[in-house]
Structure formats: C-alpha cells, structure tokens
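If you want the building blocks of each chain, they are given just below.
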Amino acid sequence: MNLLDVTTLGQSALELPTTHDAVSLLVITQLAAPAATLVAIGVPAVLGRPLSERLTTWLVGAGFSIGLLAGLATLCVLSLRGFAPEAVHLGTWFSVGHHEATIDLVADGLSVPYVCFSTGLCALVNAFAGKYLHREPGFTRFFLLLALFGTGMNLMVLAGSIDVLFAGWEFLGISSTLLIGFFHDRTNAAKAAVRAFITYRICDVGLLTAGVMVHRAVGSGDFERLFSGAWPNGHCLVPATTATVISLLLVFAAMGKSAQVPFSNWLPMAMEGPTPSSAIFYGALSIHAGAYVLLRCESLLEAAPVARLLLVLIGVGTALHAAAVGRVQTDLKSMLAYASMTQAGIIFAEIGLGLRVVALVHIVSHAILRSLQILRSPSALHDRHELEAALGGHPGGGKSWLRDNLPPAAQAWLYRVSLERGFEEMAVMRLIVGPIWRLLQRIATAEQAWTVWLGGEKPALRVGGPPMFGRRIRSRAQSGGEE
Amino acid sequence: MNLTAPQDLLLVMLGITVLAPLAAAGWMASGLSNRSPRTGAVVAMSLSLLASLAVAWQWHNGHGVPVEFGDRMGGGAFIDIDGVTAVLLPYMALVGLGIVIVAPKRFLDAPATARTLAGVGATLALFSTAHPLVLVALSIVTVLPTWWSVRSTPGGSPTARILALAMVPALVCLTAGTLLMLCDPPWEKDCGMVGATGGWLVAAAVLLRKGIIPVHSWYPALFCAAPMSTSLVATMPQVASYLAVRLLIGHADHGQGVAVELIVLSQLALVTAVYGAALALVQRELRGLIGMLAMSQSALVLAGLSGKLPMELSGAFCVWISSGLALTGIGLVAWALESRAGPLSLETHQGRFRDSPMLAAFFLLFGLACIGLPGTLSFVADDLIVSGSLDEQLYAGLLVIAATVLSGIAVMRAWFMIFGGPEAVDGPRHQILPRERLALTVLLATLFVLGINPAPLVRVLDRAAGHLLGVPVQADGHGPAEPPAHP
C-alpha cells in the first residue's frame, strides 16, 4: 500500500518530498553510522592513543545498531510504498568534461533488506568478538577492520551506481585481506592473506572494466540508466551485446570474491583469520558479495543468456568440487569453508537460472546458519573432545551413500582427487602462476646484470639477487643504529 | 612592466617559495651554521610550503587565469603560473618538508642537507617557469645535486656512473632539441624539419630523464644505492613530465593538441608502467620494490599526458600528485625502518610488526593510497586515467588497469613480507618518533582530504589541461566546455 494513497491530493504534493527526504536521511544514516565509528576508532589509534576495549566494542556496536535501526525504518517506509525504488543522490563527487562521478545510492526491495541483514549480523559478531578477542594484542585493529568492512558492505549494498559499488567492493577486499593476515606472526596467515588479495585483485579487473564499459555505454555509472523497474522485475536498457559483455565481466569479478572454481583455493586458507571474522566474511557476507552484485544487475543477466549459462556451469562445477573436497578435510574450519563454497556455487547456479528471490533467500539463510556454525566451531571442538574422552574413543560416524553405492576403485579415485582439492591449486600454480613468476625472475636477473655492467662492474649473476652496489649500502646501513 | 598589488604579492610569495630552500642550502654549504641542519631545513621548507600555498591561493583568487611575468620566448614566459604550477609548487614543498623532517640523523649532515635543499629549490624554480631556455638551464641544475649526492655515498660510484650515462645524453638532447625548436618553432604553421627534429630530441630527453623502457636502468639503481632523500628529490617531482608539459603539449595542429612525439612516448610509457609493476612483484629488497613502483607510476603519468582528452591529462596530473605523495610516504617509512633494522629483504617474512606497529600502519596506508584505495586521491586518479585511456584506446586502458592491479599486489605482498611472520626482534621496541609521526600524518591527511573532496583539485587541473590542449573553457571558468573528441 502506498503511503500517499491515504492522503488527499494536496497533502500528497506536500508529503512526497518529505518522504523522499526521510528515506534519504535514513539511507545516509545506514552508511554514515559504521563510517563514523571507523573514524572514531581510527583517528585515536593513528595518533597513538587507542580507545579502551570496552569503548571500542561499544562504539562499533552502536554504529551497527544505529545502521540496523535506520535500515528497519527504511524497510517500513518502503513496504508502505510497495517497495518502489528510491534513488538517493548525494551529489557529484567530481566531474571532468563528460565524465561525472556521482554518489548515488538506492533503497529498494533488494538493498534495504540486505543491509538490515548484513548490519544486524555485523552487530552480533561485534558483540561476540568483544569477548572472544579480549586482551588480544590486535583488538583495536580487528574492530577497525570490522567497521571498515561494515562501511564497505553497506556502501556496496546501497550503491546506486557502479562507481559507488566498486568503492564498497574495494573496502571489502582490503578488510578481508587484512583480517586473514590478522595474526601477522604466523607465516601461514601472511601467505593466505597475500593469496586472497591476489585473487581479489585479479578479479577486480572484471568489475573495474565493467564500470568503464558502463560509462562508455550510457555516459555515467548510474544503474538507472542500465536498467529500470523495481527489483526483481527490472528491464535492461542497453543492447544485448553490451549487456552480455558487462555481465561476463561482472561474473568474472564475482567468481573471485565468492571463491568459485578456479579462484577457490584462497578460501580454506582464509580461515587463518580470527573466528569472528571468518564467520562474518567467509560464512556470511563477503562470500556472497559476488552473488549480491549479480542479483543487483539481474536485469543485465536477463538480457545475456551466455553469461547466465556460464554462471550455471561455474556454480554447479564449484558446488560439486567443494562438496567432494569438503568431505575429506580433516579440520573443522576447512570443512566449513568448503561447505560455504558449495552453497555459494548453488546460489550462482540459481542466479543463472533466473531464480532471483530463491537466491536471495538462500543467501540470507545460508549466511545465518554458516556464521553460527563458524562461531560455534571452537566450542564445538571442545565439546567433541570432552565427548570422546567420556566415551573413550570416537562416537562413530553415520551412513554414507557414496560409501555404500560406489565401487571401491571409484571411491579410492574420488578420495585421491578430493584430497588433492581436485588438482585445482596444482593446475593454477604449475600452468599459470609458476611460468609467469619464473619469467619475471629471469627478467629481473637480466635487468640486474645489465645494471651492474652499466655501473662498470663485473656482473654477478644470481637469480633475483640484488645488484652488487646495493649490498654495499646494506652493509653500511647495518653498521649504523638509530639516531 | 607595471604590476598590480596582487601580482606583486604573487611574485614575492613565489620568490620566498623558491629562495627559502636555496638560501638555507647556501647557508649550510658555507659551514656558518653550528646548529642541527634539521632545524634550518625544516624552517626553510615550512616557509617555502606556506609561501607556495599563498601562491596557489593568490592565483586561485585571480579567477585561475594563467599569470605570466617577464619576456616570453618560444612556448612560455620567464615566470608562468597556471593550474599545473599552482598545484606542483605546494606538492614539491610538502615532499621536501617531509623528507627533512623524517630523515634519520646520520643522513642529515650539513652537506647532505644542503644538497637536498638545493635539489628542492631548483625543482621549485623549474616549476615556476615555462621559458624554454630557463627550463633547460634548471634541468641541468636539478641533476647536479642528485649526481653529487650519489657520488658522495660510499659505494655509490657505479650508480653515479649509470646516472651520468642517462643524464648527460638527456641534457644534451634537451639543449639541442630546445634550441632547434626555438629556431624553427613547431607551434607555427611554417614549421620545417628543423623544428620537428628538435621535438624528437626533446622527446628523447624526456625518455631518458623519465626512465622509460629501454633506458630505465638508472631509476631502480638510484633507489637501491642512493640515500632515500636523494632518490625522492630526484624522482618524485617528475621533472621530465613537466618538461613534456611545457615543451611538447600544445604543439600538434599548430598549438592545439599533443605532439606526435609525446604519443610515441606514451606507448613506451604504457609498457614501462606494466613492466615496472610486474618486476616490483619479484624484487627481493624493499628499495628495489619502491624503485620499480616509482618507475611504473611515473610512466603512468607520461602515458596520461599524451591524451587528447582533458580528462586523461587531468588524470595524469592526479596520478602525479597522488603517487608522488604516497611513494614519498612509503619511501620515508622504509627509510625510518632501515635506520632501525637495516635493509629490508622481501625474500622471507621479516616479522617487523610488533617492533614498530605505527610504521607498519603508515606503510600500509601509504601503500593503499598508492594503489587506488577509495577515499584517497589515487582512487580518483585511477578512475580518471583508466576512463580516459579506455575512451581513447581499449588496449591502453587495459594496460593501465594491468599496471594498477600488479602494483597493488606488489605493495600488499611487500607489506606482509616485511611485517608478517614470526617476530624478528627480541629487545626494546622501536617506537615511531614524534617528528616521524607528524610528517607522515600530514602527508597521509593530504592524500585522504584530497581523495574525499577531490572536486577543487580536479577542477583546477582540468582547467589547466583544457588550457594546455587549447580546449575552450566554460563561461563559469570550471573546466573545458566540451571534450574535443569522443569516440
């Protein structure tokens, strides 16, 4: 029911801008609340005066709670208006010639429920992490990154243009990387963070190029010029070829963030981060960021059957791969990571099949379940150990359809393939990363030899080694102390 | 020459901007001072920064119209203040101030400080002129402190030799090319072979001075062997980009557009941008990584300068400022870390986080500010340069994107290699010093403020770009009215 239906014509003319202003204010609040906590915690930390644990948790919690309340209020207003999309134009960030970067947000049937869900989940994880990370050396850092993530998530979800969406997407990537490497004294955590960042960065090329393509196609990044109508029944406003190119680029971008094959091997490694961040990122929100972007641009996908077919193939492939690999994992967090990947794959396939509302419901329900499982995992392990101690052994497993129906040879083969993670990582490292890395190292070595020769010295070839004159400076710097 | 009061003030401020570091350099070189060189250097550079901001403000109050003083010869006047100058003067003064504040004490003796200040002062003077002969003279002057500093560094002879091998031909080409261009100006209709040859010689000088493939070897070598102050003062101003702006842009179509030499240079620059970023990935020392990143970002600026659209040119100017400030920050943090722990290897995890968490935070923030974090100026710069490049040529845009992506991976990998891993130091912590915190915070705040509110800066640079390309300016004075071409 539209709020304006119950008013007289004269009143509606007066109320229309008021309602729009109210929605605008609420949408801005959803964005500003976590951003304000980011500043409130970040500035004292940079100035060398970090806030206390209690105040930090309280501030971040307050930011997310205010965002959640504003989201719920927006949801009420929108539901009264039949979920008609409400565009919020915050102004032009900068403009050069015909290129204009505008700050556009949108409140509709997709963005507002999603922002309520994500902000609420962030608030819960904040409350959990306040206790879980008590006296952890990186306490402030964690909450800073959580606030950054919340801000980026809301920015991405509420984005009304691809420029704003890209900004939020980048915040997600940065916060995710830094939280994977949160325990910086663990070498594996640092390696996992770099691996995740490389995947994100490579797949960001898709979103960046898609953004430029959108600008070229319609003259600005506004979604309003790409598709019209209320979600999920929008209509594509660009030609099918353009829609296909942009859709394929978006699918490529989404594959990285949502850990789809062949960009999936960073996800189990990402569990090196603290449990609360694993829950919110890889169980709930970050893993579905790619799916959200695809849902947001569903009208483009509708006009691009090739992209939809690709999406189904990728989704089904990932789901099968992750389901098989997840079954042979020996640690709980890896099993949960592969379980998340399986569901993300199914969600991709649902989007490809055009089941948008099903996909949205699947995202929300899966996120809630998986984040709960990940948050519970440390204590579940503890309980399991206690149970085993009480029973004096393993409590025993359930039945397996595969074990009962597959021939032993096939079982052995499947086990081996699953144990090797489908040879996915090996293929990527041997066929793509390895050759490129070796080529770059050889070029670097040749560069150094050439530079040393130019400097009038005899080249001392060493793969990737520093030039000879660099070593002298090193020894000099090592001999001196600080002032 | 009759000057109005505001113009008088502008000249006075410009004089202070340029002369303050030069006077301080002379004072320190004379050996008359028995105080810490840092005090004098900081006072001189602060004065220079304030005066340069006053120049920018005064120029802006004059409705952003280019101001010229002195005789005009060839392409420009003896003193020429336009949007590019108004932005570059405070930028260079800020870089210089950051360097003298953060520099470790043992690298800040009187001769070294004098060389740094002389380099900054000469660069500021160069940014104030568009007169071809003065540009040539000041280009020679700016090279000397760098070469002298590298030569004075223990073990620096090979690098001094490499620097000389690049700079001597560059200066010869620049001098000869400029003279030929003055004899037969390419911006006039009856230009012949002499002027065209001059243009190509200047292009060769830019190629050498900027470290573009295949004559780029001096760039990473300088970062590996010279004190960080020398490397930063020599590379962050991007003198060759300024020479290209003043001598090559506006020559095609008889003063309307971009010289063909610059277009050829830009293709090499695009390759250099990707090459530098890719090699940054496999560097085994932090200094090598910074050198390669600086080379890549510097090449991006040159690639953008050849654009036919003001947007691309504005993007190039934005990359100039954003990458310069961010790389200065990274360089200064690296210098501060080296002064505590020696050279930093990227071969294994160094575990430096617990040792100096604030320096880790600053390194990360400057690194992110260099690779296009939303909210920093580099995000705006990348947006403009990528959009501009893709508008013109698809492959150029894709190469710019590739360079940006590779730089990002290199920076993040370096951060985790230096600060990640088991704790390396089992002793007293090396906390950040107040002066380091002050300088790095100011640099970082500048990047964020300009990134969150980029409109005023972009407007000034867009207007300057339109002026350089000869695009008509809107009636309200806000940038070019229409793009010259749109595919």
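Calculation criteria
- Residues numbered from 1 in each chain as written.
- Chains lettered and ligands numbered in written order.
- Predicted model: local features only at pLDDT ≥ 70, side-chain atom pairs only at ≥ 80, totals over all residues.
- Helix = DSSP H or I, 4+ residues; strand = E, 2+ residues; numbered from the N terminus.
- Buried ≥ 20, exposed ≤ 12 C-beta atoms within 10 Å, placed from the backbone.
- Contact = placed C-beta atoms within 7 Å.
- Nonpolar A, V, L, I, M, F, W, Y, C, P; charged D, E, K, R; others polar.
- Axes fitted to C-alpha atoms, helices over the stretch in contact; angles between N-to-C directions.
- Parallel < 35°, antiparallel > 145°, perpendicular 65-115°, else oblique.
- Expected span 1.5 Å × (residues − 1).
- Core = buried A, V, L, I, M, F, W, Y, C linked by C-beta atoms within 7 Å.
- pLDDT = per-residue confidence, 0-100.
- Pairing = 2+ DSSP bridges.

**Student:** Just checking my understanding: could you explain the overall build of chain A for this structure?
**Tutor:** Within chain A, the secondary structure is distributed over 18 helices and four strands. Seen through its C-alpha atoms, chain A measures out along the principal axes to roughly 85 × 70 × 55 Å. Per-residue burial for chain A yields a buried fraction of 50% across its 483 residues. In chain A, 73% of the contacts between residues at least 6 apart in sequence involve partners at least 24 apart.

**Student:** Mind showing me how you'd approach the overall build of chain B here?
**Tutor:** Helix and strand content of chain B: 18 helices and two strands. Counting only residues that meet the buried cut, chain B has 68% of its 487 residues in that class. Long-range pairs, those at least 24 residues apart, make up 77% of the contacts in chain B between residues at least 6 apart in sequence.

**Student:** It is not clear to me how the interface of chain A and chain B should be interpreted in this structure. Could you clarify?
**Tutor:** When the parts of a complex come together, some accessible area is lost, and that lost area is often taken as the interface size. Taken together, the contact between chain A and chain B spans 57 residues of the former and 68 residues of the latter. Sorting the residues of the side of chain A that touches chain B by element identifies strand 1 (86–96), strand 2 (99–107), helix 5 (162–180), helix 6 (187–218), helix 17 (424–454) and helix 18 (468–479) of chain A as the ones contributing at least two each. Residue contributions to the side of chain A that touches chain B peak at 15 residues, all from helix 6 of chain A. When its residues are assigned to classes, the side of chain A that touches chain B shows 26 nonpolar, 19 polar and 12 charged.

**Student:** Is there a simple way to think about the packing of helix 7 (residues 240–257) of chain A against helix 10 (residues 289–296) of chain A in this case?
**Tutor:** Between two packed helices, both the angle of their axes relative to each other and the distance between the axes serve to describe the pair. All names here are of chain A. Put simply, helix 7 and helix 10 touch, their axes get as near as 7 Å, and they point 155° apart. Here helix 7 is positioned roughly antiparallel relative to helix 10, judged by the angle of their axes. Between helix 7 and helix 10, the residues in contact are Leu250, Ala253, Ala254, Met255 and Lys257 and Ala289, Gly290, Ala291, Val293 and Leu294, respectively.

**Student:** Got a minute to help me understand helix 13 (residues 310–341) of chain B in this structure?
**Tutor:** Helical geometry: 3.6 residues make up each α-helical turn, so side chains three or four residues apart lie on a common side. Residues and elements named next belong to chain B. In this model, helix 13 (32 residues) spans 45 Å end to end at C-alpha, consistent with the 46 Å of a helix rising 1.5 Å per residue. In terms of burial, helix 13 is largely enclosed, as 31 of its 32 residues are buried. Positive phi appears at Gly342, one or two residues downstream of helix 13, with a value of about 85°.

**Student:** What's the story with the nonpolar core in this structure? I'm lost.
**Tutor:** Note that soluble globular proteins tend to have their nonpolar side chains buried in a common cluster. Judged by nonpolar contacts, the single largest core of 341 residues is most densely connected at Leu250 and Ala291 of chain A together with Ala244, Ala273 and Val333 of chain B. Residue contributions to this core peak at 19 residues, all from helix 13 of chain B. Each residue touching Ala273 of chain B, except ones within four places of it in the same chain, is listed here: Ser296, Ala299, Leu300, Ala303, Leu399, Val400 and Ala403 of chain B.

**Student:** Got a minute to help me understand the confidence of the model for chain B in this structure?
**Tutor:** Should the pLDDT be low somewhere, the predicted coordinates at that spot are not to be read in detail. Residue and element names in this part refer to chain B. Here chain B averages 86 in pLDDT, and 90% of its residues register 70 or above. Every residue in residues 475–487 is under pLDDT 50, and counting partners more than four places away or in other chains gives 32 contacts. With pTM at 0.89, the complex prediction returns an ipTM value of 0.89.

**Student:** What's the story with unusual backbone geometry in this structure? I'm lost.
**Tutor:** Residues other than glycine predominantly adopt negative phi, and peptide bonds predominantly adopt the trans conformation. Residue Pro262 of chain A follows Val261 of chain A across a cis peptide bond; omega there is 5°. Mapped onto the secondary structure, Pro262 of chain A falls in the loop between helix 7 and helix 8 (266–269). Cis geometry is adopted by the peptide bond preceding Pro214 of chain B, which originates at Ile213 of chain B and carries an omega value of 10°. Residues other than glycine seldom take positive phi values, yet Ala259 of chain A does so here, at roughly 55°. The topology assignment puts Ala259 of chain A in the loop between helix 7 and helix 8. Notably, Gln238 of chain B is not glycine yet its phi reads approximately 55°, a positive angle.

**Student:** Whenever I open this one, the environment of Val361 of chain A confuses me. Can you help?
**Tutor:** Residue and element names in this part refer to chain A. With respect to the helices, strands and loops of the structure, Val361 is situated in helix 14 (residues 356–391). Owing to 12 C-beta atoms within 10 Å, Val361 belongs among the exposed residues under this scheme. Separated by 342 residues in the primary sequence, Val361 and Thr19 place their C-alpha atoms 28 Å from one another.

**Student:** Can you walk me through the confidence of the model for chain A in this structure?
**Tutor:** Residues and elements named next belong to chain A. When pLDDT is averaged along chain A, the result is 86; 91% of the residues meet or exceed 70. Here residues 1–16 is modelled with pLDDT under 50, and outside its nearest four sequence neighbours on either side it reaches 12 contacts, counting other chains as well. Low pLDDT, under 50, characterises residues 460–483; the predicted model gives this stretch 53 contacts beyond four residues in sequence or across chains.

**Student:** Explain the environment of Pro395 of chain A to me, please; I cannot follow it from the model alone.
**Tutor:** Residues and elements named next belong to chain A. Looking at the secondary structure, you find Pro395 in the loop between helix 14 and helix 15 (401–405). Remark: the alpha-carbon pair of Pro395 and Gly315, spanning 80 residues in sequence, is separated by 35 Å. Those residues in contact with Pro395 that sit more than four places away from it in its chain are Leu387 and Glu388.

**Student:** What is the right way to look at the packing of helix 17 of chain A against helix 11 (residues 260–281) of chain B in this model?
**Tutor:** The contact between helix 17 of chain A and helix 11 of chain B brings their axes to 9 Å, and the two run at 100°. Between helix 17 of chain A and helix 11 of chain B, the angle is such that the two are roughly perpendicular. On the side of helix 17 of chain A, the interface is formed by Leu440, Ile443, Ala444 and Glu447 of chain A, while helix 11 of chain B contributes Ala278, Leu279 and Leu281 of chain B. Residues that form the contact of helix 17 of chain A with helix 11 of chain B fall into these classes: six nonpolar, no polar and one charged.

**Student:** Sorry, what's going on with the pairing of strand 1 of chain A here?
**Tutor:** Side chains on a regular strand alternate between the two faces of the sheet. Residue and element names in this part refer to chain A. As paired strands, strand 1 and strand 2 are joined by nine bridges and run antiparallel to one another. What sits directly across from Val88, in strand 2, is Leu105. Here strand 1 folds back onto strand 2 in antiparallel fashion, the turn holding two residues, of which Gly97 has a positive phi close to 55°.

**Student:** What's the story with the environment of Gly138 of chain A in this structure? I'm lost.
**Tutor:** Considering the arrangement of structural elements, one finds Gly138 of chain A in the loop between helix 3 (111–132) and helix 4 (139–158). Through-space distance from the C-alpha of Gly138 of chain A to that of His20 of chain A is 42 Å; in sequence the pair is 118 residues apart.

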